[in-house]
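Secondary and tertiary structure notes
Now for the letters of each chain:
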Amino acid sequence: GDTTVRFWDINTETPEFTCRGHTHWILCIAWAPDGRKLASGCKNSQIRVWDPCTGKQIGKTLIGHKQWITWLTWEPMHSNAECRHLASASKDGMIRIWDVMLGSTVRTLSGHTMSVTCVKWGGEGLLYSSSQDRTVKVWRPSDGILCRTLHGHAHWVNTLALNTDYAIRTGAFDPANRNDVPKGTPVELGKLALTRYGTEKGKNQELLVSGSDDFTLFLWNPSQSKKPIARMTGHQQLINEVLFSPDSRIIASASFDKSIKLWDGKTGKFLAALRGHVSAVYQIAWSADSRLLCSGSADSTLKVWDIRTKKLAIDLPGHADEVFSVDWSPDGERVASGGRDKVLKLWRR
């Protein structure tokens, strides 16, 4: 809201840099998989890329979208170790793929007829996008070809998640050895990321789950078929966020109906409902070991749930107003939350 991007040092818990440049609210940010760049998109349809070591802008501002930016996602590290390519989605219905070094659009993917709500860059060379036109589209970012359109939802599609999200997010960095951060050239890190991605994914196929304003979720195998594996019903209000657990066995969905529901990550079968929030649940985040789930809600609390017992483990009050965003660090050590009270909180285990 104050048009700045801030970098914080999580060890000292103090602000490092405040990056100024945007002239309107910043709606989304995304870390590059190598951790050396951060992209931010604002309501003025501009995208800027920042250097976390200096707090300065890298290259020129990426301009091309006609309306505000709704989502940003980087190409996975194992596909391109230099982390040059960034995909952005906008309310103008377009997805643009940028080369951040050159500061120019490489490709424009058009096909959605309404605002694009979410974009995921998969590990198998495909890009997935959801939109308010009720469809999910599967693209090949290498040449911009539309591979499939997945129909099924009866209202806006709000959110997407891949079962490979965690492996893609962590790239070459193994959270199990967090003190041993791999160093090397981008090519070496890229090879390391590819090996890690291969082991994390195993023999599983890349699955996609989508959540919508029609209160349902669909589980897809988008590289193989345009028919869903399962339609998951049970929520009584629209779905805000859906996430696969890091081990990809469980899907968690957060909804305006104050509940979080758990589903089987392979079949989409309903497992349990986690109830305890007294207002809408906005965002959720998994711990690195997939044993705990943290949720942030409009009731101003965060709650940590034990997945084995399906019960509330810890209640974390502290925010003075609604909690809009929550994230669990990939090494499992901390949870960060941000709320309407303009406060960023770090929670340690």
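Bear in mind the structure is a predicted one, so any value in this text is a computation, not a measurement.

The next point concerns the packing of aromatic side chains. The tally for this structure, following the rule as stated, stands at five aromatic pairs. Centre to centre, the rings of Phe 256 and Tyr 282 are 6.2 Å apart; their planes meet at 65 degrees, and the pair counts as edge-to-face. Placement of the pair is Phe 256 in the loop between strand 20 (250–255) and strand 21 (259–264) and Tyr 282 in strand 23 (residues 281–286), with a sequence separation of 26 residues. Look at Phe 256 and you get partly exposed, because its relative accessible area is 34%. Tyr 282 gets classed as buried once you look at its relative accessible area, which sits at 19%. Each residue in the set Phe 256, Tyr 282 and Phe 324 is aromatic and connected to the rest through ring pairs, giving one cluster. Above the face of the Trp 68 ring, Lys 43 is positioned so that its terminal group lies 4.8 Å from the ring centre.

Right, let's talk about the sheet that holds strand 23 for a bit. Spatially, four strands are ordered 23-24-25-26 in an open sheet, and the strand pairing comes out antiparallel. Where the open sheet ends on each side, the last strands, each with one partner, are strand 23 and strand 26 (311–316). Mean inter-strand twist for the sheet, computed between neighbouring axes without regard to direction, equals 25 degrees.

Considered as a void within the structure, the second largest pocket measures approximately 180 Å³ in volume. Contributing to the lining of the second largest pocket are 13 residues, with Asn 163, Glu 200, Pro 246, Asp 247 and Ser 248 lying nearest its centre. Secondary structure elements with two or more residues in the lining of the second largest pocket: helix 1 (165–170) and helix 2 (186–201). Looking at the lining of the second largest pocket, its residues break down into four nonpolar, five polar and four charged.

The rules behind these values
Residues numbered from 1 in each chain as written. Predicted model: local features only at pLDDT ≥ 70, side-chain atom pairs only at ≥ 80, totals over all residues. Heavy atoms only, no water. Phe/Tyr/Trp six-rings, centres within 6.5 Å; stacked < 30°, edge-to-face > 60°. Helix = DSSP H or I, 4+ residues; strand = E, 2+ residues; numbered from the N terminus. Buried < 20%, exposed > 50% of the residue type's maximum accessible area, 1.4 Å probe, protein only. Lys NZ or Arg CZ within 6 Å of the ring centre and 35° of its normal. Pairing = 2+ DSSP bridges. Axes fitted to C-alpha atoms, helices over the stretch in contact; angles between N-to-C directions. 1 Å grid on protein atoms, 1.4 Å probe; cavity = no way out; pocket = protein on both sides within 12 Å on 5 of 7 lines; lining within 4 Å. Points joined across faces, edges and corners; volume = space filled by probe spheres on them. Nonpolar A, V, L, I, M, F, W, Y, C, P; charged D, E, K, R; others polar.

Function cannot be inferred from these measures alone, as they are strictly geometric.
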